[in-house]
Amino acid sequence: MCGIIGYVGDRPCYELIVRGLERLEYRGYDSAGFALLDADNDRYALVRAVGKLEDLRAATVGADGLEGPTTGIGHTRWATHGKVTLPNAHPHVSNDGRVAVVMNGIIENYVELRRRLQDEGVVFASETDTEVLPHLLARHYEGDIVAAVQAVLPQLSGHYAFVASHTSEPGRLVAVRHECPLVVGVGVNEMFLASAIPAFLGETREVIYPENDEIVVVDRDAVHIYDGFGTEVTRPTRTWEGSEEAAEKGGYDTFMLKEIHEQPAALWDTIGSRLGADGSISLDGIGIDDHVLARVDAVHIVACGTSYHAGLAGRYLIEDWARIPVSVEVASEYRYRTCLAGPGDLVIGITQSGETADTLAAMRVARERGAHVVALTNQTDSQAARDANGVLLTRAGLEIGVAATKTHTAQIMALAVLALKLGRMRWSLTEAGVRDLSEELRRLPDAIEQYLLSSAPADVAAVAAKYVDKGFFLYLGRHVGVPVCFEGALKLKEISYVPTEAYPAGEMKHGPIALLDEGSPVVVVAPDGHVFDKVISNIQEVRARGARVIAVATEGNEEIALHADDVLWAPRTPALLSPITTIVPLQLFAYEIAKGKGLNVDKPRNLAKTVTVE
Ligand code: F6R
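Residues numbered from 1 in each chain as written. Predicted model: local features only at pLDDT ≥ 70, side-chain atom pairs only at ≥ 80, totals over all residues. Heavy atoms only, no water.

As a further point, take the domain arrangement of the chain. Domain assignment breaks the chain into domain 1 (3-248), domain 2 (258-447) and domain 3 (454-596). For domain 2 versus domain 3, the separation of C-alpha centres amounts to 26 Å. Regarding the contact of domain 2 and domain 3, the summed buried area is about 1900 Å², with carbon and sulfur atoms giving 77% of it. Scanning the region where domain 2 abuts domain 3 turns up 0 salt bridges. Across the contact surface, domain 2 and domain 3 share 6 residue pairs in polar contact (both at pLDDT 80 or more). (Domains from an automatic or database assignment. Buried area = accessible area lost by both parts, 1.4 Å probe. Salt bridge = Lys/Arg side-chain N within 4 Å of Asp/Glu carboxyl O. Polar contact = N/O pair within 3.5 Å; in protein donor to acceptor, adjacent residues only side chain to side chain.)

Below, the structure written as structure tokens:
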């Protein structure tokens, strides 16, 4: 999704702005631009380009006024309103050339605002919703950009974060967030504004998190924050503890591969402080009293994409261990249904970024109904964390590859801890049962580590090489294998652009079997467990139609090789936990197919890491 960076300070900022944009590339974008304010001649050096940041750098060749300015704003755009064109790229500038704005999000009433401004004689240069902002600010400007922002805010509806500058106030940027992320980076004689911390990592780790609708004013040596009434408020400066190295590839070819290999650490860090050796389980931070949790009537999980698949896997754990009915729904649907969650229910919003617009909206709907809402997120300071009663944190570290990997397995791990705790509280698990299962959870990081260090990844690569030219893959599984199929199929389609279909194997005869003919590749998730024999029957059925079967099976299973053309092994674990292990070879499989096609796995086309618009 769009990325924002802003700088005011003592240093010439061209490189700082472009480097900031490079650090935001992982969010996905289709065009980019910046405006640097040259105080000496009272105008912006505005450079924009369609395409990648290399294109933006190329567009700067021969541009004037890039060396001197020490105030600037930059943007990577992921098109929502208006096509991917140069005029639609940010920053946008008012007709008098005095106000420049970059924005992330959507101004929903922009059509009406645009019409009104046009009636007043404003000429629009783009099709974007953002462009209403510089024009509105210019019309309300009477010598104070903060006052202009104050006058404009009540006219806006939607969800957005923007940064604005005025040529009469060089050395000052003003920003507002409304349901979209925005952070301030505090340096020495310099300040940054950004949609995400990596944009200024390397320059400062001191961060301020403004609240919704506060007006943030940054000068080179001060940050002032005002609430909706214009009263100055104080927000603490916190030190960001994440590692800078995480933002680099650490020796791997791609972030995705690095993050696949970081799964053991992500899993361990997620459970480390939660599972005591004595069988104790801590849900520290969840913000709901034990006696309330122990009595919940139902659990509703809302999420999008890969996080939704983690929710599907978690359902089996909570239903089996805690005996509580669980529903799992994509947030974009949940938010518009008649919500029946109530004070007796636990609603879990799963979102690694904590900023996905639909998940936030679904959580809000549930809170309004009086449900207990928990954010299962990888970001403590995210909007989801702030909106919920409490947080169930995954400690997967920064994930930069657009295709989620380590955050996914960490999410299932966190759900397993929750299921254990609920099971113990409700007496559906015995103390000994909890101890055994905790032990299984604690074994998982090591098992996956051994797997990743073994020849298994190379074996996956060899299997993938045989299928790299296939134009379609069907994924089949049963029981806990179903969410693994959904996730495996999503990984393959999003980074290799190969169409995939994922189905519960029992449904195959009700339609998808028609897709198969000689040589069709079918990935079958077949871990050891009570449905293994049923899955073998499904394998026979697809092979009878000429399909080639790539099975994902438990290490040491001797039978599977009799039925499959190729086998991707996964570490042994109890069936209910197998979504954490069986997805790993499928992440590698998708990775190898995409690499085999020569694609950029970290930045697949059209996708954004954080989907902050509906
Ligand atoms: C796919 C992927 C997406 C995200 C989805 C939700 O690999 O990463 O499907 O899972 O956009 O994102 P979060 O978890 O940030 O809410």
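A word on the nonpolar core. Counting residues in each nonpolar core, the largest one holds 90 residues, and the members touching the most others are Trp321, Phe473, Tyr475 and Phe589. Per-element tally for this core: the top contributor is helix 13 (residues 406-425), with 11 residues. Each of domain 2 (258-447) and domain 3 (454-596) accounts for three or more of the residues forming this core. Val18, Ala196, Ala199 and Leu201 belong to the second-largest nonpolar core, a separate cluster that totals 30 residues. (Core = buried A, V, L, I, M, F, W, Y, C linked by side-chain atoms within 4.5 Å. Buried < 20%, exposed > 50% of the residue type's maximum accessible area, 1.4 Å probe, protein only. Helix = DSSP H or I, 4+ residues; strand = E, 2+ residues; numbered from the N terminus.)

Okay, helix 5 (residues 145-152) next. Restricting attention to buried positions, one finds in helix 5 the residues Ile145, Val146, Ala148, Val149 and Val152. Along helix 5, the residues classed as buried sweep out an arc of 160° about the axis, all on the same side. Looking at the buried positions of helix 5, the neighbouring elements they touch are helix 4 (132-140), strand 7 (158-166), strand 8 (172-178) and strand 12 (215-219). By the N-cap criterion, in which a side-chain oxygen at the helix start approaches the backbone nitrogen of a residue two or three places on, helix 5 is capped by Asp144, the distance to Val146 being 3.0 Å. (Arc of directions from axis to C-beta. Contact = heavy atoms within 4.5 Å.)

The next subject is the site of the ligand. Neighbouring the ligand are 13 residues, the closest being Ser307, Thr351, Ser353, Thr356 and Glu494. In this structure, Ser307 approaches the ligand through a side-chain N or O atom, which is 2.6 Å from an oxygen atom. Within the backbone of Gln352, a nitrogen or oxygen atom sits 2.7 Å from an oxygen atom of the ligand. Those elements that provide at least two residues to the shell around the ligand are helix 9 (305-322) and helix 16 (481-496). The element that contributes the greatest number of residues to the shell around the ligand is helix 9, accounting for 3 residues. When its residues are assigned to classes, the shell around the ligand shows 4 nonpolar, 7 polar and 2 charged. (Near = heavy atom within 4 Å. Nonpolar A, V, L, I, M, F, W, Y, C, P; charged D, E, K, R; others polar.)

Applying the stated criterion across every chain yields a total of 29 salt bridges. Here Arg335 ties to Asp358 by a salt bridge, and the two come within 2.7 Å at their closest N and O atoms. One end of the pair, Arg335, is in the loop between helix 10 (331-334) and strand 18 (345-351); the other, Asp358, is in helix 11 (residues 357-368), and 23 residues separate them in sequence. Exposure remark for Asp358: the relative accessible area of 10% places this residue in the buried category. When salt bridges with common partners are traced through the structure, they connect Arg11, Arg19, Glu190 and Glu203 into a single cluster.

Here we come to unusual backbone geometry. The step from His90 to Pro91 runs through a cis peptide bond, and the omega angle for that step is -5°. Mapped onto the elements, Pro91 comes out in the loop between strand 4 (71-77) and strand 5 (92-93). Phi is positive for Arg323, close to 55°, though the residue is something other than glycine. When you line up the elements, Arg323 lands in the loop between helix 9 and strand 17 (326-330). Residue Arg323 is classed as exposed on the basis of its relative accessible area, which comes to 57%. Phi angles above zero are rare outside glycine, and Trp427 is one such case at about 65°. Tracing the backbone shows Trp427 in the loop between helix 13 and helix 14 (431-453). Given a relative accessible area of 68%, Trp427 falls into the exposed group.

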